[in-house]
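# Observations on the three-dimensional arrangement
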Amino acid sequence: MIQSVEKTLNNKLLSIFNELNLDARFAVVKTSDRPDLSDYQCNGALALAKMMHQNPREIASKIVALLQKDADIAAVSVDGPGFINISLSNAFIAAQTDVMAQDSRLGIGKVEKPRQIVMDFGGPNVAKALHVGHLRSAVIGESLRRIEKFVGHHPVSDVHFGDWGTPMGMILAEIIRQDGNLEQTEKYDIEAISQFYKQANIRCKEDEAAKEEARRITAELQAGNALYRKAWQHLRDVSVAAVKAQYDVLGAHFDLWLGESDADKPSREVIEIAKQKGLSEVDDGATIIRLPQTNKPMPPVILVKSDGGIGYQVTDIATIKMRVDDLHAEEILYVVDKRQSLHFEQIFQVSEMLGIAPDVKLQHIGFGTVNGSDGKPFKTRDGGVMNLADLIEMSKDKVRRSMPKPNEVEGYGEKEIEALVTQIAIGAIKFQDLKNNIAAGYVFDLDDFANFEGKTGPYIQYAVARINSILRKAAAQGLVEGNIVLENADERALALKLAQIENAVFRAEADKEPSIIADYAYTLAQAFSGFYNTCPIMSAENKNLAAARLKLARLVRDALKLLLDLLGIEAPEVMLKASEEK
Ligand code: ARG
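Small disclaimer: the values here were computed from a predicted structure and weren't measured.

Rules used in this analysis
- Residues numbered from 1 in each chain as written.
- Predicted model: local features only at pLDDT ≥ 70, side-chain atom pairs only at ≥ 80, totals over all residues.
- Heavy atoms only, no water.
- Helix = DSSP H or I, 4+ residues; strand = E, 2+ residues; numbered from the N terminus.
- Buried < 20%, exposed > 50% of the residue type's maximum accessible area, 1.4 Å probe, protein only.
- Contact = heavy atoms within 4.5 Å.
- 1 Å grid on protein atoms, 1.4 Å probe; cavity = no way out; pocket = protein on both sides within 12 Å on 5 of 7 lines; lining within 4 Å.
- Points joined across faces, edges and corners; volume = space filled by probe spheres on them.
- Nonpolar A, V, L, I, M, F, W, Y, C, P; charged D, E, K, R; others polar.
- Pairing = 2+ DSSP bridges.
- Axes fitted to C-alpha atoms, helices over the stretch in contact; angles between N-to-C directions.
- Salt bridge = Lys/Arg side-chain N within 4 Å of Asp/Glu carboxyl O.
- Expected span 1.5 Å × (residues − 1).
- Polar contact = N/O pair within 3.5 Å; in protein donor to acceptor, adjacent residues only side chain to side chain.
- Right-handed = clockwise from strand over helix to strand, strands pointing away.

In terms of helices and strands, the chain carries 19 helices and 13 strands. If one aligns the C-alpha atoms of the chain with their principal axes, the spans along those axes are about 85 × 70 × 40 Å. Taking all 582 residues of the chain together, the buried fraction comes to 53%. In the chain, of all internal contacts separated by at least 6 residues, the share reaching a separation of at least 24 is 73%.

Another point: empty space enclosed by the protein. Under the counting rule described, the total for this entry stands at 2 cavities of 30 Å³ or more. Considering only enclosed or pocket space, the largest cavity measures out at about 100 Å³ in volume. Contributing to the lining of the largest cavity are 15 residues, with Ser-4, Val-5, Met-100, Leu-106 and Ala-499 lying nearest its centre. For the lining of the largest cavity, the secondary-structure elements that each account for two or more residues are helix H4 (90-101), helix H16 (489-498) and helix H17 (501-511). Counted by class, the lining of the largest cavity contains 9 nonpolar, 5 polar and 1 charged residues. Considered as a void within the structure, the second largest cavity measures approximately 30 Å³ in volume. Per element, the largest residue contribution to the lining of the second largest cavity is 4 residues, and it comes from helix H8 (residues 208-223). Within the lining of the second largest cavity, the residues separate by chemical class into 2 nonpolar, 4 polar and 3 charged.

Right, let's get into the sheet that holds strand S11 (residues 361-367). The sheet built from 4 strands is open, its strands ordered S6-S5-S10-S11 with parallel pairing. Looking along the sheet, the strands with just one partner apiece sit at the ends: strand S6 (154-158) and S11. On average, each strand axis in the sheet is tilted by 20 degrees relative to the strand beside it, whichever way the strands run. Judged from the 7 bridges that link them, strand S10 (residues 331-337) and S11 form a sheet pairing that is parallel. Counterpart to Glu-331 in the pairing with S11 is Lys-361. Where helix H12 (residues 341-354) meets the sheet, it contacts S10 and S11, and its direction lies at approximately 175 degrees from that of S11.

Looking now at the pattern of salt bridges. Applying the stated criterion across every chain, the model contains 43 salt bridges. In this structure, the salt-bridge partner of Arg-554 is Glu-481, at a minimum N-O distance of 2.7 Å. Of this pair, Arg-554 sits in helix H19 (residues 543-566) while Glu-481 sits in the loop between helix H15 (457-476) and H16, placing them 73 residues apart in sequence. Here Arg-554 falls in the buried class, since its relative accessible area comes to 16%. The partner of Asp-558 in a salt bridge is Arg-557, and the shortest N-O contact between them spans 2.9 Å. Judged by its relative accessible area of 23%, Asp-558 falls in the partly exposed class.

With that settled, the discussion passes to unusual backbone geometry. If you check the backbone angles, Leu-106 has positive phi at about 55 degrees while not being a glycine. A positive phi is found at His-328, a non-glycine position, where the angle reads about 55 degrees. Position of His-328 relative to the elements: it lies in the loop between helix H11 (312-325) and S10. For His-328, a relative accessible area of 54% puts it in the exposed group.

Here we come to the sheet that holds strand S1 (residues 30-31). Spatially, 4 strands are ordered S1-S2-S4-S3 in an open sheet, and the strand pairing comes out antiparallel. Strands with a single pairing partner mark the edges of an open sheet, and in this sheet they are S1 and strand S3 (73-79). With 2 bridges connecting them, S1 and strand S2 (residues 40-42) associate as antiparallel partners. Looking at the pairing, Thr-31 lines up with Tyr-40 of S2.

In this model, H19 (24 residues) spans 35 Å end to end at C-alpha, consistent with the 34 Å of a helix rising 1.5 Å per residue. Counting buried residues in H19 gives 19 out of 24 residues, a clear majority hidden from the surface. Where H19 starts, the residue carrying a side-chain oxygen 3.1 Å from the main-chain nitrogen of Asn-544 turns out to be Asn-542. Two residues or fewer past H19, Gly-568 is found with a positive phi of approximately 80 degrees.

Secondary-structure assignment places Asn-468 in helix H15. On the basis of relative accessible area, Asn-468 is assigned to the buried category, the value being 2%. Contact partners of Asn-468, with chain neighbours within four places excluded, come to Arg-557, Pro-572 and Glu-573.

Take the pairing of S10 next. Consecutive side chains along a regular strand alternate between the two faces of the sheet. Within S10, 7 of the 7 residues are buried, which leaves it mostly tucked inside the rest of the structure. Two strands pair when backbone bridges link them, and strand S5 (residues 116-120) and S10 are joined in this way by 4 bridges, in the parallel orientation. Of the residues in S10, the one forming a bridge with Met-119 is Leu-333. Handedness of the crossover joining S10 and S11 through H12 is recorded here as right-handed.

By the bridge criterion, 6 bridges tie S3 to strand S4 (residues 83-88) in an arrangement that is antiparallel. Bridge pairing links Val-76 to Ile-86 in S4.

See the structure below:
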């Protein structure tokens, strides 16, 4: 079995710990905090000493004595209060890198116990185009979906379409008001439907009676009114088609296109369970569940509104039930704006009280907002909501300006240039998003987000394309990969950097933080740059060195492509730059 440097090292420690009768939980290394001193460090002796009331340096010395016998280890020492600093032999790193180069997963293992993970990261709504608020959900969600899958879990993504709330009644009421009935509804396209929704929104803000009417129609729709259902079905179909096209542009994949409406029947069951367990009560005509009060006030959850309609909270609770009963979810992840955290705390609590998801891990991965340069949520110039399609167009315009004109480069007509523009623009948008911690908001930067320099998507795409071109040249000259040789510091540093890939992927999975992968990809691309500056391939001193460096370059290319893929970013074979670019 292929094993990463780090796992191999952990195993070495493990047998030493066993031999010394030390608690095996502490037999782990991490990449060194002092790369100038060592490659890896183990801090286990400190923790053990505390537990065993012994001197940490003494424990560390015993471990070090045994490590010293290992030929794979070049140097090992006890430092400070009891840190163990470990440096690997070049032969060992080289051999491990050779092994990694043979594996399509680059030595990255899989989890022992795959879990069924339902992922909720869409949340689009009927009659509303995707806006900037939907960007992070799709981008982060898709990346996490790919990461979970790659490490061996079984993610099932569900778009969770917002198709059952009061906006449905608002749109239907507006159509009836303007047309007199719902007979023409099926003629309306997404623009027309969005227009009705906008008008309804304005009307319902000003007019309490209009709002009442919308609520009544929503409740009747939910109760099964056939006329309303037929018109609603059309609104839903048209909206689904529209957002599907946009998710395709973003490369976000949903296995399921269920909506809040699909939770209607289970919602009735949930309401029944609450009643039977004596957890619900009627309050002012509505059926509610009161939640235990902790240090922060928890508002009650509304199961049935006073008008008989069911809302966002109960459909979400019922959806948990469906995901457990039908999809056998062992874990449900919600990638949703962190401003909805109270909602998720409430529904998670209720699902626990009702016992509908025993032993299922429910997690809200709350993200911060995409902001404008003023630090407030991104808006259009006139203060409106920024459509996702507009944002993508703006980004593409920007990227297009840095591209050659169609047919300026052989083989790149308008179609090819546009395809490249899209790959770069989407890559830039996604990377700008994913390089940040999820919980932090970030400023959408239209000036630098697509630079070929700096911590950007295009920088990494460019690194891939540059290596592609090196590989093409090597192939043309008949150079083939050979065994890894580590003769200088840059080669060694690059190989060690490559050895961290598994750790980066698994940490990103554990922390649900694609930024760990974005960060690692960026530093790997930088390490390659450093390497390539001092270590030419085609003009290396001898053939063996050239062949070894070629393999390192190819490995970095494969690693970067894999990492970009885990971020949901495409890696074009070739990157172009406008010749007159300043
Ligand atoms: N449709 C919701 C909104 O626009 C987001 C849904 C998120 N997912 C969920 N299961 N609540 O705010």
